[in-house]
Each structure stands twice: as structure tokens, then as C-alpha cells.
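Remarks on the overall topology
Next come the chains, spelled out residue by residue.
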Amino acid sequence: MLKISVVIPVYNMEKYLEQCIKSIREQTLFDIELICINDGSTDSSLDLLEAYCEQDSRIRVITQENKGVGAARNRGIREAKGEYVAFMDPDDYYLDERILEDLYQAATTHGVQICGGSLSEDHKDGQWIRKEFLGVYTKYTFEREGYVEYKDYQFDYGFYRFIYNREFLIKNEIFFPPYIRFQDPPFFVKAMIAAKRFYVLPRVAYCYRFGHQNLKWDEERICAVLNGFIDNLTMSREEGLSELHYLTVDRMLREYKDKIILGLESRSDKVLRLLLEADSLIDRTGMPDDSGYKEGVVPLIYEWEQKEVEREKIMAQQANAEYENIKNSTTFKVGKKIMAIPIKVKEYCKGNKENCR
């Protein structure tokens, strides 16, 4: 059996594929496979993948209609032949050529279903590699090697810096939900809850390329994120993971606040329905009094309503200004004089019906 299957969903990533594939092929762990799911690319991504496939027998290319990154990863899980599965996005890469070998050795030696390391971020195509994070994002990194209980960790981001036992994923039906955005946090949380604990190495296990994407936040993407929040709120509440629960509420009401309000401004009934559903799942009993989130989504809806009132006021002011401009224009004044004649005739005829027959 192969040791690790690296699953790579690919959609129009010709610019970054070379660095991504190269970083995997140069891993010291040779008993791996690269499963590249070409998810309906329209650029030269497929040509590049087929060329890599000819160069390295460990690379498999699977082409499908565009179904989204979650569906592509799920197909990779099902197609994988490795004992463990790793996930790599086509615009990311490994900084360390020994990382897969060391993760595999740690996972098998310590008998865990999930094993991972720290995260790094590539800013401006490698000009700056960030390896230190602040606040809750310090959980992107680990200070020491060893076991970690998920109840003590309770984090939801950075799933790609871990490897997962494939049989464990299949047995527990752990797959990515069909959301076009925010499908990886529910996958990660579900896997961690099922595993209960995992093993970590303190060094960097993955390099995430940051800041190059320019997403259009339409109704579908906003609803996808809200569905992801609903999944994580449900799981964290059921499992008594209060820290994760509060973190999810914080993400919804702070990190994604502007995007959710954008969805409300588009007057999307679906966004409003999902937002209220998420609000109904918030467990306020264990929330800190100073969190500011006990009101749930009410402040978001209030802010949106205030913006609507302000927008209507501005529109009314603009309409009045346009009317004043028209009223003061020469065309309006001439037209008014011309229209005065038939108006006077009409008024005359009202009182002189005999003369107007």
C-alpha cells in the first residue's frame, strides 16, 4: 500500500501548478501518489497536469465537470490508494521536502488518525513567508511535538497542514460538504471530533499562498459560508465545545460581518433565512457577558436596516435635487408656458360649455 495520497483539486491554476507539483515530487517520502482532480479547468492546467503525469508515474489525473473544490477533494478521498490522505491546493506548496515523511512516521509510530504541523503563509509570491500569528491564529502553529486533545484545541482553520488516515475518513463518513466556500472548516471539525486527539510536529507543514485571490461575494458564496457556520455551531453545541462555539459566533458576527450585510443588502431571502437559522443555534448560556454576542444576529440586521433607511433618505434627496434641477431648467419653463394655454382653454370651457361646442 502507498503511504500517502496527496489530493489536489485543480481549477484554472496554470500560474502556480509548477511550484505546487514540484514541492510534492521532491518529497523524501517516495511511496506517495498525487491525485490531481481537474475540475473543469478552461486554461492550460490540464495540459500541464498531463505533462507532469508523463514525467512521473506517481501522478494521476482525473478530469471531471466543474463541481467545486469540495466535490473534487471527496473524489480524491474515494480514489486514493494511500494509507493516509493529504490535501494540497494547487496554488500552495510544501516548504520542507521531508515533511510528508516525518508526518507519516509520526502518525504510524504514535498510532493516530490525524497528524499535522504548523502553517506558513506566502505573501507576494514568496517575498515574505509568515510563520508567526497573533490572537486565536496562534493555533496555526505548535510549539512542541506531542499529542493534542481536540477538546483542548478547539480550532477550525488550516486543515491542509494535517494528514488523515483514509480508512478512518471512509468509516466515519467524513467528507467535504458541497459548499463552494467554507467547506473545509466543517470537514476539519468533524474529523477532529471523531479522532478526539491528534499528534503534532512544531515545524512548518504547509505553505498557504495569501492575498492573490479576488473573490466576488455573491449570494451563493455568502450562503455557503452561512451553511458552514450552521454545521460548526451544531457540532460544537452537541459536543460541548464552548470555545469552538464562541469562535464560530465570532467569525460570523465579526470576520464575515461585512459579507453577510452585503447579502442582506441584496435582499436575499435565502441569506436572511440561513442567518436566522444560525442565530437559533447559538448557545448563549456559556457565552461571556462581555462578549457582545448575546444578542446574536440582531445587531447585524439592525445595521443593515439602518443602512437601508440611510440609503432611502439619500435616494429621496437625490430625487428632490433632480426635480429642482429640472424645474429650474429652460426646457421645463418653456414647456410650462406652452402647457398653460390648453389648461386655460380647459378652464374656460368648464364655465362656457355653449361656446366650446
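Refer to the structure printed above.
To keep things clear, this report deals only with the structure shown in the data block. (Residues numbered from 1 in each chain as written. Predicted model: local features only at pLDDT ≥ 70, side-chain atom pairs only at ≥ 80, totals over all residues. Heavy atoms only, no water.)

1. Section: the overall build of the protein
Put simply, the test is: A run of H or I in DSSP becomes a helix once it reaches four residues, and a run of E becomes a strand once it reaches two; helices and strands are each numbered from the N terminus. Relative accessibility under 20% of the residue-type maximum defines a buried residue, over 50% an exposed one, and the middle range a partly exposed one, all with a 1.4 Å probe and only protein chains included. In this description, contact between two residues means that some pair of their heavy atoms is separated by no more than 4.5 Å. To measure how exposed things are, a 1.4 Å probe is used in the Shrake-Rupley method; for residues, cover is taken only from the protein chains shown.
Along the backbone of the protein there are 13 helices and 9 strands. Looking at the protein residue by residue over its 357 residues, the buried ones come to 46%. Counted over contacts in the protein with a minimum sequence separation of 6, partners at least 24 positions apart contribute 78%. As displayed, the protein offers around 19000 Å² of accessible surface, 49% of which is attributable to carbon and sulfur atoms.

2. Section: the environment of valine 10
Residue position: valine 10 is located in strand E1 (residues 2-10). Residue class for valine 10 comes out buried when judged on its relative accessible area of 1%. When the C-alpha atoms of valine 10 and leucine 46 are compared, they prove to be 8.6 Å apart, with 36 residues separating the residues in sequence.

3. Brief notes about helix H3 (residues 69-79)
Within H3, burial applies to Gly70, Ala72, Arg73, Asn74, Gly76 and Ile77. Taken together, the buried residues of H3 touch E1, strand E2 (32-39), strand E3 (59-64), strand E4 (82-87), helix H6 (166-171) and helix H7 (184-195).

4. A word on the pairing of strand E5 (residues 114-123)
Two faces make up the sheet, and in a regular strand the side chains alternate between them. Put simply, the rule is: Any two strands with at least two DSSP bridges between them are considered paired.
Counting buried residues along E5, 10 of its 10 residues qualify, which places the element largely inside the surrounding structure. One ladder, built from 3 bridges, connects E5 with strand E8 (residues 162-165); its direction is antiparallel. Within E8, the residue paired with cysteine 115 across the bridge is isoleucine 163. Pairing of E5 with strand E9 (residues 197-210) involves 8 bridges; the strand directions are parallel. Residue glycine 116 lies in a different strand from E9, and its bridge partner there is valine 200. For E5 and strand E6 (residues 128-130), the ladder comprises 3 bridges, and the chain directions are antiparallel.

5. Examining the environment of glycine 296
Among the structural elements, glycine 296 can be located in the loop between helix H11 (269-280) and helix H12 (298-327). In contact with glycine 296, other than residues within four places in its own chain, are Leu253, Asp279, Ile282 and Arg284.

6. Side note on the nonpolar core
This is how the line gets drawn: What makes a nonpolar core is a set of buried Ala, Val, Leu, Ile, Met, Phe, Trp, Tyr and Cys residues whose side-chain atoms join them at distances within 4.5 Å.
In terms of nonpolar packing, the biggest core is built from 98 residues, with Ile4, Ile8, Leu100, Tyr164 and Phe198 touching the most fellow members. The dominant element in this core, judged by the number of residues it contributes, is helix H8 (residues 219-238), at 8 residues. If sequence neighbours within four positions are ignored, phenylalanine 198 has contacts with Val112, Ile114, Phe142, Gly146, Tyr147, Val148, Tyr150, Tyr153, Phe162 and Met192.

7. Thoughts on the environment of threonine 28
Threshold: Polar contact is the term for a pair of N or O atoms within 3.5 Å; when the atoms are in protein, one must be able to donate a hydrogen and the other to accept it, and sequence-neighboring residues count only if both atoms are side-chain atoms.
With respect to the helices and strands, the residue threonine 28 is situated in the loop between helix H1 (17-25) and E2. Residue class for threonine 28 comes out partly exposed when judged on its relative accessible area of 35%. Sequence separation between threonine 28 and aspartate 102 is 74 residues; the distance between their C-alpha atoms is 9.4 Å. In this structure threonine 28 touches Glu97, Arg98 and Glu101, once residues within four positions along its chain are discounted. A distance of 2.5 Å separates the side chain of threonine 28 from the side chain of glutamate 101, its partner in a polar contact.

8. Focus: the pattern of salt bridges
Put simply, the rule is: By definition here, a salt bridge exists when the distance from a side-chain nitrogen of Lys or Arg to a carboxyl oxygen of Asp or Glu is within 4 Å.
Under the defined criterion, the tally for this structure stands at 22 salt bridges. One salt bridge connects lysine 22 with glutamate 26, and the closest N-O pair in it is separated by 2.9 Å. Here arginine 73 and aspartate 89 are joined by a salt bridge, their closest N and O atoms 3.0 Å apart. In this pair, arginine 73 sits in helix H3 while aspartate 89 sits in the loop between E4 and helix H4 (99-110), placing the two residues 16 residues apart along the sequence. What makes aspartate 89 buried here is its relative accessible area of 16%. It is possible to trace a salt-bridge network through shared partners that takes in Asp96, Arg98, Glu101, Asp102 and Arg203.

9. Some details on the side chain of aspartate 122
If you trace the backbone, aspartate 122 turns up in strand E5. Here tyrosine 93 takes part through its side chain, which lies 2.5 Å from a polar atom of the side chain of aspartate 122. Within the local environment of aspartate 122, its side chain forms a polar contact with the backbone nitrogen of glycine 126, the two atoms lying 2.7 Å apart. Residue contacts for aspartate 122: discarding those within four places in its chain leaves Tyr93, Trp128, Ile129, Cys207, Tyr208, Arg209 and Phe210.

10. Section: the packing of aromatic side chains
Any aromatic ring pair is given by two values, namely how distant the centres are and how the planes are angled relative to each other. Going by this rule: Working definition: rings of Phe, Tyr and Trp (its six-membered ring) pair if their centres are within 6.5 Å, and the pair is stacked with planes under 30 degrees apart, edge-to-face with planes over 60 apart, and tilted otherwise. Geometrically, a charge over a ring is one whose NZ (Lys) or CZ (Arg) sits within 6 Å of the ring centre while staying within 35 degrees of the ring normal.
Per the counting criterion, the structure on display carries 33 aromatic pairs. An angle of 15° between the planes, with centres 5.8 Å apart, marks the rings of tyrosine 160 and tyrosine 208 as stacked. Here the residue tyrosine 160 occupies a position in the loop between helix H5 (150-153) and E8, and tyrosine 208 occupies one in strand E9, the gap between them amounting to 48 residues. Judged by relative accessible area, which is 22%, tyrosine 208 ranks as partly exposed. Arginine 58 extends its terminal NZ or CZ atom over the ring of phenylalanine 30, reaching a point 4.4 Å from the ring centre. Above the plane of the ring of phenylalanine 176 lies arginine 73, whose end atom (NZ or CZ) is 5.0 Å from the centre.

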